[in-house]
Amino acid sequence: MRFFSRYEHFVQVDILSQDFEEHLKWKSYVETQLKRLCDQIFKDFREQLLELRIHPRPFTREETQDTLNIEFAFCESYLIGLKFSRSETGPIDLRSTVSQFCVLLDMNRINKSDNNLRIMHYGREQLAQSLVQNF
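Residues numbered from 1 in each chain as written. Predicted model: local features only at pLDDT ≥ 70, side-chain atom pairs only at ≥ 80, totals over all residues. Heavy atoms only, no water.

**Some remarks on unusual backbone geometry**
Formally: For helices the rule is a DSSP run of H or I covering at least 4 residues; for strands it is a run of E covering at least 2, with both sets numbered from the N terminus onward. Relative accessibility decides the category of a residue: with a 1.4 Å probe and only protein chains considered, values under 20% of the type maximum give buried, values over 50% give exposed, and everything between is partly exposed.
Positive phi, close to 55°, is recorded for Q65, a residue that is not glycine. Along the chain, Q65 falls in the loop between α3 (61–64) and β4 (74–84). Q65 gets classed as partly exposed once you look at its relative accessible area, which sits at 48%.

Printed below as a string of structure tokens:
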């Protein structure tokens, strides 16, 4: 898939819930906030970041072969592709940006016991190991 070959780095946002109806609400809210995360990444890494794009649809647990989030009945994952300048050779540390985003989401999370979020940063090779071979 062209999306995966175009980017070297990926942010995976796992939207997690215990209950289907709660999952629909939580997923809808997180989806509306993903642009904020992208805007913040772009702002925080404007010197190094060349391109950023959210994959247009979430991936299911079966597609990602998710084993990290099995305590939640429902899991969908969005991927954000990141392309940094060639001069960027050191590690990319997104922790501060992601933490700020999580604090924002947590303030408006109503059902904290049944809904959660997991955000991870992968290089292309790491992501390829965690996804089904079709990608």
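**Remarks on the packing of aromatic side chains**
Spelled out, the test is: Pairing of aromatic side chains here covers Phe, Tyr and the six-membered ring of Trp, requires ring centres within 6.5 Å, and sorts the geometry by plane angle: under 30 degrees stacked, over 60 edge-to-face, intermediate tilted.
Going through the model one piece at a time under the given rule, you end up with nine aromatic pairs. An angle of 50° between the planes, with centres 6.0 Å apart, marks the rings of F4 and F59 as tilted. Taken together, the positions of F4 in helix α1 (residues 2–6) and F59 in strand β3 (residues 59–60) put the pair 55 residues apart, joining distant regions of the chain. By relative accessible area, which is 7% here, F4 ends up buried. Using a relative accessible area of 0% as the deciding quantity, one classes F59 as buried. Aromatic ring contacts, followed pair by pair, group F3, F4, Y7, F10 and F59 into a single cluster.

**Examining the environment of V30**
We count it as follows: The contact rule is simple, with two residues in contact once any of their heavy atoms fall within 4.5 Å.
Topologically, V30 is positioned in helix α2 (residues 20–44). When neighbours within four sequence positions are excluded, V30 is seen to be in contact with V13, I15, L105 and L117.

**Considering the nonpolar core**
Grouped burial of nonpolar side chains is what soluble globular proteins tend to show. Heads up, the condition is: Think of a nonpolar core as a cluster: buried Ala, Val, Leu, Ile, Met, Phe, Trp, Tyr and Cys residues, connected wherever their side-chain atoms sit within 4.5 Å.
Ranked by size, the top nonpolar core spans 23 residues in total, and within it V11, V13, I41, L82, L94 and L117 carry the most contacts. Secondary structure elements with two or more residues in this core: β1 (9–17), α2, β4, α4 (95–107) and β5 (115–123). The element that contributes the greatest number of residues to this core is α2, accounting for seven residues. Every residue in contact with L82, bar those within four places of it in the chain, is listed here: Y7, E8, H9, V11, I41, L49, E51, L52 and L94. Core analysis: the next-biggest nonpolar cluster, separate from the first, contains nine residues, F3, F4, F59 and L127 among them.

**Overview of the environment of K27**
Here K27 lies in helix α2. When the C-alpha positions of K27 and S17 are compared, they lie 8.8 Å apart, and in sequence the two are ten residues distant. With near-sequence residues (within four places) excluded, K27 lies in contact with I15, P58, E76 and Y78.

**With respect to α2**
Counted only if it meets this: Given a helix with a known number of residues, its expected span is that number minus one, times 1.5 Å. Fitting axes to the seven residues that end at a residue and to the seven that start at it, the angle between those axes gives the bend at that residue. Think of a polar contact as two N or O atoms within 3.5 Å of one another; within protein, one of them needs to be a possible hydrogen donor and the other a possible acceptor, and neighboring residues in sequence only count if both atoms come from side chains.
Helix length check: α2, at 25 residues, gives a terminal C-alpha distance of 35 Å against a target of 36 Å (1.5 Å per residue), a fit within 8%. Its axis deflected by about 35° at Q33, α2 carries its strongest bend there. Every buried residue of α2 is accounted for by H23, W26, K27, Y29, V30, Q33, L34, L37, C38 and I41. On its buried side, α2 packs onto β1, β2 (49–54), β4, α4 and β5. Regarding α2, its N-cap is D19, as a side-chain oxygen of that residue lies 3.2 Å from the backbone nitrogen of E21 further along.

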